[in-house]
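# Analysis of the macromolecular model
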Amino acid sequence: MSRAPTTLARAFSARRNESYRHCLKEDRKAAKPLCPDTVTSSFDAALQQDENDTSTPTESTISRSDTAGSEEVIDAAYNDKEYEKQKERTSNPSPQFSRNETEEKITTLKGHVRRISDKDGENKVDAELKQSDAGRIELKTKDAVSSFSKDDSAARRRRTRTNIPKRKEFHDLVFEPRMTALDRTNPKSAESPFLGFYSLFWLSLALLVVKTLAQNYHITGHFLGSQLHATFTQDIFAVFWVDLLMVASSSFCLVLHKLVQYGLVDWDREGWIVQHVWQTIYLFGAIGVTWARDWPWIQTVFLVLHALVMLMKQYSYSTHNGYLSSVLKHKQAQEAELRVLREGTGARRGSADSGVEINTPAQQNGDGNTSQEEQHEQELELLADIEGCEEELTGPVYGKIKYPANVTLPNFLDYLLVPSLVYEIEYPRTERIRWPYVLEKSAATFGCFFLMVMISEHYVLPVIPPADMPVQDKLANLPWVLLDIIFPFITLYLLTFYLIFECVLNVFAELSCMADRYFYSTWWNSVSWDEFARDWNKPVHNFLLRHVYHSSISNMKLSKKRATLLTFFLSSCIHELVMACITRKIRFYLLGFQMLQLPLITMSRSRWFREWKVAGNVFFWFGLFTGPSFLCLLYVLL
């Protein structure tokens, strides 16, 4: 009779003996919602590896140091889809393995004979898995037969999943030290085979600047125009004070969670309602100021975008700390239940020592041993539950801060400075601030801004038809105007991306010692629009992933497709709101074009695009070239 291969033994031993804390850490590393299934996945992987292993096994054993005798019960290794099927069958009074599931499990485990050791590791017995007629998977040994049914495994999984607090609104994100792809200090960037093209891009822009300045001086006698300069400086001090007031008022969520901490407000009851009402007032108050002051589009887009950033920060801060307050209350309730359980056990032990007999219902039925075992199992479950709560309440990086110690003004100000829209108690940090790096990125910020102003003033604004031109003439000139601005507009698009995600966010990351700077991925290699949406703006993508997509699945019980549609629609509405504030027009052009990406995503997943990725990338870049330019003209001309 053969034995269980070594990889199976290691996975099975890990499943039985590793602590619950390790399971939680593995869940965080895998960026999965909180659940104790990490070792189950490794167990399934070990079985798959064993099936592929054609080598002849040698004698090996699976030893257990915490169990006496040969009795052993093995949990069925369900995957997530099987677990969902099991939940649908819970109404069946006597569920059994279906024929296909039985054949799959028996085929997977067939031939794996396990040698199980007792506590001393001396008396070895043979064991094998088999299904009984009653629909139970049995582990037969020479000494005893231990079995489990689908109900048993599912019940244990449901108990673990429900007792341990899991994130209903949050999808765990892993923050780790990372650098942006275009950062000069990134070793991978220095080794890139396309480094020369990156240098060529900036050299071309530098020559364009020299050419434009020389021509402008030759024609007008001045190096720069004055049209955009006058627009920038209009009401600049009022914009500064309004923005400062907007940042200061965001501390409302800190005050709210202080009240939650002291028990004056219940987050699950009225706290979240107060937060949502405040956020609505906050957003439309900022938009109302821009409309009332009639600011130009530059001041408007700055204030509205900053208001949206602060709004997302407040929402993430409030919902995350609100969730932690619920976990803390759950932990305190479990600790109280554990104290009551232990006091009851101590009372029974004291009565036995004093000779006074106290009979529990189980003991009255002659089942005292079972009662003690159930109490011991319940105590272990409570301890695991409390440990899971402690893991959630503690900072995920260094473990130095634990809720509610994070609800402080310094922590909140630090969060406002950190370039992340998703709140965590702790972030990975760098050791010090590199002031030369801050100076370099600050200079790059002003340099990019100067390039954008110059290109807009000399290559975009002159070719846009005046507002008083008849509509028919505008439509007749539309194709020619589009051809004139397509190249300067894509240049502005790339410079805007570089200004925000490479310069500004890196400055704030360096000042806050934020080590995770994964602000974007290689979106320029995208072969579909959904890949572009995930890669080009990681902070917003992470926010939508945690607080919209996963929240709608867990709270609103939406399917993945409907949650994706809802996330896309919400993002499109926010973009349309920004355009409405800038142009003072409600046209829904941007909303329609963004929702049009959904059929384009479906088309990009076709077999032709999957097999020929160059075509997908060309299709993506063609849309990026023409789409923003065409939308800009639609809002300006119509």
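Sequence order as written defines residue numbering, which begins from 1 separately in each chain. This being a predicted model, a pLDDT of at least 70 is required before a residue's local features are given, and a value of 80 or more before pairs of side-chain atoms are given or counted; all residues contribute to the totals for chains, interfaces and linings. The basis for the side-chain values is all heavy atoms of the structure; hydrogens and waters are excluded.

### Remarks on the overall build of the chain
Counting its secondary structure elements, the chain contains 25 helices and four strands. Each residue is placed in one exposure class: buried if its accessible area under a 1.4 Å probe, protein chains only, is under 20% of its type's maximum, exposed if it is over 50%, and partly exposed if it falls in between. Burial analysis of the chain (638 residues in total) assigns 43% to the buried set. Residue contacts are counted whenever heavy atoms from the two residues lie within 4.5 Å of one another. Summarising the internal contacts of the chain: among those between residues at least 6 apart in sequence, 75% fall at separations of at least 24. Values of accessible area rely on a 1.4 Å probe in the Shrake-Rupley scheme; residue burial ignores everything except the protein chains shown. In the structure as shown, the chain presents an accessible area of about 34,700 Å², 61% of it carried by carbon and sulfur atoms. Only DSSP runs of H or I with at least four residues qualify as helices, and only runs of E with at least two residues qualify as strands; both kinds are numbered from the N terminus onward.

### Here we look at the UniProt feature "transmembrane region" (unreviewed entry) in the chain
UniProt positions are given in the numbering used here, feature names are shortened, and annotations may be inferred rather than shown by experiment. Under the feature "transmembrane region" (unreviewed entry), the UniProt entry names residues 194-214, 236-260, 272-291, 297-315, 442-460, 480-501, 586-602 and 614-637. As annotated, residues 297-315 comprises 100% helix and 0% strand, and the C-alpha atoms at either end are separated by 27 Å. Between the first and last C-alpha atoms of residues 614-637 the distance is 35 Å; the span itself is 100% helix and 0% strand.

### Points about the UniProt feature "active site" (unreviewed entry) in the chain
In the numbering adopted here, UniProt assigns the feature "active site" (unreviewed entry) to His 575. Within the element layout of this structure, His 575 appears in helix H21 (residues 560-583). For His 575, a relative accessible area of 35% gives the class partly exposed. Aside from chain neighbours lying at most four places away, what touches His 575 is Leu 590 and Gln 594. Under this definition, polar contacts are N or O atom pairs within 3.5 Å; protein pairs additionally need one hydrogen-donor-capable and one acceptor-capable atom, and for neighbouring residues in sequence, both atoms have to be side-chain atoms. Here the side chain of His 575 touches Ser 571 through a polar contact of 2.7 Å, landing on its backbone oxygen.

### Observations concerning the pattern of salt bridges
Any Lys or Arg side-chain nitrogen found within 4 Å of a carboxyl oxygen on Asp or Glu counts as a salt bridge. In total, this model carries 22 salt bridges according to the counting rule given. A salt bridge links Glu 335 to Lys 331, with the nearest nitrogen and oxygen atoms 2.8 Å apart. Here Glu 335 pairs with Lys 331, and both are found in helix H13 (residues 297-354), just four residues apart, close to one helical turn. On the basis of relative accessible area, Glu 335 is assigned to the partly exposed category, the value being 25%. Note that Glu 379 is salt-bridged to Arg 342, the shortest N-O span being 3.0 Å. Of this pair, Glu 379 sits in helix H15 (residues 368-393) while Arg 342 sits in helix H13, placing them 37 residues apart in sequence. Judged by its relative accessible area of 21%, Glu 379 falls in the partly exposed class. For Arg 342, a relative accessible area of 42% translates into the label partly exposed.

### Remarks on the environment of Lys 585
Assignment of secondary structure puts Lys 585 in the loop between H21 and helix H22 (589-595). Taking the C-alpha atoms as reference points, Lys 585 and Leu 638, 53 residues apart in sequence, are found 9.4 Å from one another. Not counting chain neighbours up to four residues away, the residues in contact with Lys 585 comprise Met 579, Ala 580, Tyr 635, Val 636 and Leu 638. Here the side chain of Lys 585 touches Tyr 635 through a polar contact of 2.9 Å, landing on its backbone oxygen.

### Thoughts on the packing of helix H18 (residues 471-511) against helix H25 (residues 613-637)
Where H18 meets H25, the axes come as close as 8 Å, and the angle between the chain directions of the two elements is 125°. Here H18 lies oblique to H25, going by the angle between them. Seen from above, H18 lies across H25 with right-handed handedness. Across the interface between the two elements, Lys 474, Leu 478, Val 481, Leu 482, Ile 485, Ile 486, Phe 487, Phe 489, Ile 490, Tyr 493 and Leu 494 from H18 touch Trp 621, Leu 624, Phe 625, Thr 626, Pro 628, Ser 629, Phe 630, Cys 632, Leu 633 and Leu 637 from H25. In terms of residue class, the contact of H18 with H25 is made up of 18 nonpolar, two polar and one charged. Each axis is a line fitted through C-alpha atoms, taken for helices only over the stretch in contact, and angles between the N-to-C directions span 0 to 180 degrees. Comment on the angle field: the value is read as roughly parallel under 35 degrees, roughly antiparallel over 145, roughly perpendicular from 65 to 115, and oblique elsewhere. The sense of a crossing depends on the near helix, which, turned anticlockwise from the far helix by less than a right angle, makes the crossing left-handed and, turned clockwise, makes it right-handed. Each residue is assigned to one of three groups, with Ala, Val, Leu, Ile, Met, Phe, Trp, Tyr, Cys and Pro labelled nonpolar, Asp, Glu, Lys and Arg labelled charged, and all others, Gly among them, labelled polar.

### So, a nonpolar patch on the surface
The grouping of Phe 194, Phe 197, Leu 200, Leu 203 and Leu 207 at the surface amounts to a nonpolar patch, some 580 Å² of accessible area in total. Relative to the helices and strands, Leu 207 resides in helix H8 (residues 195-220). Leu 207 gets classed as exposed once you look at its relative accessible area, which sits at 56%. Here, patches come from residues exposed beyond 30% relative accessible area and free of salt bridges, joined within 9 Å for like charges and within 5 Å for nonpolar side chains (Val, Leu, Ile, Met, Phe, Trp, Tyr).

### Some points on unusual backbone geometry
Cis geometry marks the peptide bond from Tyr 403 to Pro 404; its omega dihedral reads 10°. At Lys 557, a residue that is not glycine, the phi angle is positive and equals roughly 60°. Along the chain, the position of Lys 557 falls in the loop between helix H20 (538-555) and H21. Notably, Phe 588 is not glycine yet its phi reads approximately 65°, a positive angle.

### Focus: the side chain of Ser 318
Residue placement: Ser 318 occurs in helix H13. Those residues in contact with Ser 318, other than ones at most four positions away along the chain, are Cys 253, His 257, Trp 267 and Gln 275.

### Quick word on the packing of aromatic side chains
For Phe, Tyr and Trp, where Trp contributes only its six-membered ring, two rings pair if their centres lie within 6.5 Å, and the inter-plane angle classes them as stacked under 30 degrees, edge-to-face over 60, or tilted in between. Applying the stated criterion across every chain yields a total of 34 aromatic pairs. Ring plane angle 75° and centroid distance 5.2 Å describe the contact between Phe 240 and Trp 241, whose orientation is recorded as edge-to-face. On the basis of an interplanar angle of 70° and a centroid distance of 4.9 Å, the ring pair of Tyr 317 and Tyr 423 is categorised as edge-to-face. Of this pair, Tyr 317 sits in helix H13 while Tyr 423 sits in the loop between helix H16 (409-417) and helix H17 (435-460), and the two are 106 residues apart along the sequence. Under the relative-accessibility criterion, Tyr 317 is labelled buried at 0%. Tyr 423 gets classed as buried once you look at its relative accessible area, which sits at 1%. Ring-pair connections join several aromatic residues into one group, and the members of that group are Tyr 493, Phe 497, Phe 501, Tyr 520, Trp 523, Trp 524, Trp 529, Phe 532, Trp 536, Phe 620 and Trp 621.

### Remarks on H21
Taking 1.5 Å as the rise per residue, H21 with 24 residues should run 34 Å; its terminal C-alpha atoms sit 35 Å apart, in good agreement. Within H21, burial applies to Ala 563, Thr 567, Phe 568, Ser 571, Ser 572, Glu 576, Val 578, Met 579, Ala 580 and Cys 581. At the C-terminal side of H21, Arg 584 shows a positive phi close to 60°. Residue count minus one, scaled by 1.5 Å, sets the expected span of a helix.

### Considerations on the nonpolar core
One broad rule of soluble globular proteins: the nonpolar side chains tend to lie buried together. Here, the term nonpolar core denotes a set of buried Ala, Val, Leu, Ile, Met, Phe, Trp, Tyr and Cys residues that are joined through side-chain atoms within 4.5 Å. Formed by 63 residues in total, the largest nonpolar core has its most connected members in Tyr 317, Tyr 403, Tyr 427, Phe 543 and Leu 624. Non-local contacts of Tyr 427, meaning those with residues more than four positions away in its chain, are made with Phe 175, Val 397, Tyr 398, Tyr 415, Val 418, Ser 420, Val 422 and Met 514. Residues Leu 205, Ile 455, Leu 499 and Cys 503 belong to the second largest nonpolar core, which totals 15 residues.

### Regarding the environment of Ser 571
Following the sequence through the fold, Ser 571 ends up in helix H21. Considered as a pair, Ser 571 and Leu 544 are 27 residues apart in the sequence and their alpha carbons are 8.4 Å apart. In this structure, Ser 571 is in contact with Leu 544 and Gln 594, ignoring residues within four places of it in sequence.

### Focus: H20
For H20, with 18 residues, the first-to-last C-alpha span of 24 Å sits near the 26 Å given by 1.5 Å per residue. At Leu 545, H20 shows its strongest bend, of approximately 35°. The N-capping residue of H20, defined by a side-chain oxygen 3.4 Å from the backbone nitrogen of Val 540, is Asn 537. In the stretch just after H20, Lys 557 is the one whose phi turns positive, near 60°. Two axes enter the bend calculation: one fitted to the seven residues ending at the residue in question, the other to the seven starting there, and the bend is the angle between them.

### Details of the environment of Thr 290
Mapped onto the secondary structure, Thr 290 falls in helix H12 (residues 267-293). The buried category is assigned to Thr 290, whose relative accessible area is 0%. Once the C-alpha coordinates of Thr 290 and Val 301 are considered, the two residues, eleven residues apart in sequence, prove to be 9.2 Å apart. With near-sequence residues (within four places) excluded, Thr 290 lies in contact with Trp 295, Thr 300, Leu 303, Val 304 and Arg 584. One polar contact links the side chain of Thr 290 to the main-chain carbonyl oxygen of Ile 287, over a distance of 2.6 Å.

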